[in-house]
Amino acid sequence: MTSHHPRPWHRGSLFGPGPRRALDREQRARFRFLLSAHRRARRLTPLHEHVGVALLKRLSVTGQCDPSHETLASDAGCSARTVR
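Residues numbered from 1 in each chain as written. Predicted model: local features only at pLDDT ≥ 70, side-chain atom pairs only at ≥ 80, totals over all residues. Heavy atoms only, no water.

Colleague: Account for the packing of helix 1 (residues 25–40) against helix 2 (residues 46–58), naming residues and giving values.
Modeller: In contact at an axis separation of 9 Å, helix 1 and helix 2 are set at 170° when each is read in the N-to-C sense. In terms of orientation, helix 1 and helix 2 fall into the roughly antiparallel class. Where helix 1 approaches helix 2, its residues Arg28, Phe31, Arg32, Leu35, Ser36 and Arg39 are matched on the opposing element by Pro46, Glu49, Gly52, Val53 and Leu56. (Axes fitted to C-alpha atoms, helices over the stretch in contact; angles between N-to-C directions. Helix = DSSP H or I, 4+ residues; strand = E, 2+ residues; numbered from the N terminus. Parallel < 35°, antiparallel > 145°, perpendicular 65-115°, else oblique. Contact = heavy atoms within 4.5 Å.)

Okay, structure coming up:
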């Protein structure tokens with residue numbers, strides 16, 4: 001009998017205790033600039049830009065970033081469904 005993974009889409013996933021990468025000041029500024037540039041090019045909505053800034057705000061100095069949808073929604077001033 002073969003052993004199947006209970007959730008095959010999780011096999012090989014990098015989520016969890018995977019590699020983390022902290023961003024320095026210049027990389028954070030570049031991320032903000034790219035969010036703004038994509039919003040101006042109409043690839044992102046203004047709310048999605050706010051969610052991106054909220055993610056950047058929650059990024060720790062160790063590179064770990066795992067806030068809940070509700071936390072990001074309250075930071076961005078939108079609903080949790082918009083964050084998803």
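Colleague: Please provide a residue-by-residue account of the environment of arginine 20, values included.
Modeller: Mapped onto the secondary structure, arginine 20 falls in the segment before helix 1. Given a relative accessible area of 42%, arginine 20 falls into the partly exposed group. Here the alpha-carbon distance between arginine 20 and threonine 62, two residues 42 residues apart in the chain, equals 6.9 Å. (Buried < 20%, exposed > 50% of the residue type's maximum accessible area, 1.4 Å probe, protein only.)

Colleague: For the pattern of salt bridges, give the residues involved together with the corresponding values.
Modeller: All chains considered together, the criterion is met by three salt bridges. Notably, a salt bridge pairs arginine 39 with glutamate 49, separated by 2.4 Å at the nearest N-O pair. Residue arginine 39 is located in helix 1, and its partner glutamate 49 is located in helix 2; the two are separated by ten residues in the primary sequence. According to the relative accessible area criterion, glutamate 49 is buried, its value standing at 14%. Residue lysine 57 pairs with aspartate 75 through a salt bridge whose shortest N-O separation is 3.7 Å. With lysine 57 in helix 2 and aspartate 75 in helix 3 (residues 69–76), this pair connects stretches of sequence that are 18 residues apart. Overall, the relative accessible area of 28% leaves aspartate 75 in the partly exposed class. (Salt bridge = Lys/Arg side-chain N within 4 Å of Asp/Glu carboxyl O.)

Colleague: Help me get a handle on the nonpolar core, residues and values and all.
Modeller: Counting eight residues, the largest nonpolar core consists of Val51, Ala54, Leu72, Ala73, Ala76, Cys78, Ala80 and Val83. Of all the secondary structure elements, the ones that give two or more residues to this core are helix 2, helix 3 and helix 4 (80–83). With three residues, helix 3 is the single largest residue contributor to this core. Once you skip the residues sitting within four places of it in the chain, alanine 73 turns out to touch Cys78, Ser79, Ala80 and Val83. (Core = buried A, V, L, I, M, F, W, Y, C linked by side-chain atoms within 4.5 Å.)

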